[in-house]
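# Reading the structure
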Amino acid sequence: MHQARPTVILPRLQDFAGQWRMSRVITDHRARTTGQFDGMAAFTPDDGGLAYLEVGTLCLPGQPPFHAERRYLWRQRESAIDVHFDDGRFFHSVDPAHPTACHWCDPDTYDVIYSFASWPEWSSTWDVAGPRKAYKMITSYSPTDPGGR
């Protein structure tokens, strides 16, 4: 008997709008340490798509916890979503049907895999490599209002 494959929802840009709880684990392969970020991410409409803001607390070994935040601009382009730094420079593009991307920031390589298999919960896994960098960063997102998605 043939089993049906589960339906995977492929989100479009507007599906990200709203508030998300987020948790990030950062594993530094060189220092053999692990950090943790917990906070909220907000996707809010702006002129070109959605503005992304994450705010939370970052805990790194040997340091007191501190406030951290990050901003990006997300833009719909055909079937892909382009992610830009908050100053407008291009960062990477992700097609939810093929959710991998790479960003070269000389001399470092940033590879990402997004997972939307459990939408509206989703994640990103970044592998970063360079002469002075070797870490993995896994971020999990869950909606603050799952019924609203």
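The sections below set out a description of the structure shown in this document. (Residues numbered from 1 in each chain as written. Predicted model: local features only at pLDDT ≥ 70, side-chain atom pairs only at ≥ 80, totals over all residues. Heavy atoms only, no water.)

Right, let's talk about the nonpolar core for a bit. In terms of nonpolar packing, the biggest core is built from 30 residues, with Phe16, Trp20, Phe43, Tyr52, Trp74, Tyr114 and Trp122 touching the most fellow members. Aside from chain neighbours lying at most four places away, what touches Trp74 is Leu13, Phe16, Phe43, Gly48, Gly49, Leu50, Tyr52, Ile81, Asp82, Val83, Tyr114 and Trp122. (Core = buried A, V, L, I, M, F, W, Y, C linked by side-chain atoms within 4.5 Å. Buried < 20%, exposed > 50% of the residue type's maximum accessible area, 1.4 Å probe, protein only. Contact = heavy atoms within 4.5 Å.)

Looking now at the pairing of strand 4 (residues 66-77). Alignment of strand 3 (residues 49-59) against strand 4, held across nine bridges, turns out to be antiparallel. Note on strand 4: the bridge partner recorded for Ala51 is Leu73. Turn length for the strand 3-strand 4 hairpin, with the two strands adjacent in sequence and antiparallel, is six residues, and the turn residue Gly62 shows positive phi of about 80 degrees. As defined by bridge partners, strand 4 adjoins strand 5 (residues 80-85) across six bridges and the pair is classed as antiparallel. Note that in strand 5 the partner of Gln76 across the bridge is Ile81. Hairpin remark: strand 4 followed by strand 5, antiparallel, with two residues in the connecting loop; positive phi at Glu78, about 50 degrees. (Pairing = 2+ DSSP bridges. Helix = DSSP H or I, 4+ residues; strand = E, 2+ residues; numbered from the N terminus.)

Time to look at the pattern of salt bridges. Applying the stated rule across the entire model yields seven salt bridges. Its salt-bridge partner being Asp82, residue Arg77 comes within 2.9 Å of it at the nearest N-O pair. The class of Asp82 is buried, set by a relative accessible area of 10%. Asp108 is the salt-bridge partner of Lys133, the closest N and O atoms lying 3.4 Å from each other. On the criterion of sequence distance, the pair formed by Lys133 in the loop between strand 9 (122-129) and strand 10 (134-143) and Asp108 in strand 8 (residues 108-115) is long-range, its members being 25 residues apart. Looking at Lys133, the relative accessible area reads 29%, which means it is partly exposed. Residue class for Asp108 comes out buried when judged on its relative accessible area of 8%. (Salt bridge = Lys/Arg side-chain N within 4 Å of Asp/Glu carboxyl O.)

What follows concerns the packing of aromatic side chains. Going through the model one piece at a time under the given rule, you end up with 23 aromatic pairs. Residues Phe43 and Tyr52 carry aromatic rings whose centres are separated by 4.9 Å and whose planes lie at 65 degrees to one another, so their mutual orientation is edge-to-face. Among the residues examined, Phe43 registers a relative accessible area of 2% and is labelled buried. On the basis of relative accessibility, which here comes to 4%, the residue Tyr52 falls in the buried class. Seen in terms of ring centroids, Phe43 and Trp74 are 4.9 Å apart; in terms of plane orientation they differ by 80 degrees. Their pairing is edge-to-face. Of the two residues, Phe43 sits in strand 2 (residues 33-46) while Trp74 sits in strand 4, which places them 31 residues apart along the sequence. Note on Trp74: relative accessible area 4%, which makes it buried. Looking at Arg24, its charged tip hangs above the ring of Phe37, at a distance of 5.2 Å from the centre. (Phe/Tyr/Trp six-rings, centres within 6.5 Å; stacked < 30°, edge-to-face > 60°. Lys NZ or Arg CZ within 6 Å of the ring centre and 35° of its normal.)

Looking at the secondary structure, you find Arg24 in strand 1 (residues 18-28). A distance of 2.7 Å separates the side chain of Arg24 from the side chain of Glu54, its partner in a polar contact. If sequence neighbours within four positions are ignored, Arg24 has contacts with Gly35, Gln36, Phe37, Tyr52, Glu54, Arg70, Met137, Ile138, Thr139 and Tyr141. (Polar contact = N/O pair within 3.5 Å; in protein donor to acceptor, adjacent residues only side chain to side chain.)

Here we take up the sheet that holds strand 8. Pairing within the open sheet is antiparallel, and its 10 strands lie in the order 6-5-4-3-2-1-10-9-8-7. Sheet topology places strand 6 (90-94) and strand 7 (100-105) at the edges, where each strand pairs with a single neighbour. Averaged over all adjacent pairs, the angle separating strand axes in this sheet is 25 degrees, with direction ignored. Of the pairings in the sheet, the one linking strand 5 to strand 6 comprises four bridges and is antiparallel in character. Counterpart to His84 in the pairing with strand 6 is Phe90. (Axes fitted to C-alpha atoms, helices over the stretch in contact; angles between N-to-C directions.)

Spatial relationships are all this shows, so hold off on functional conclusions.
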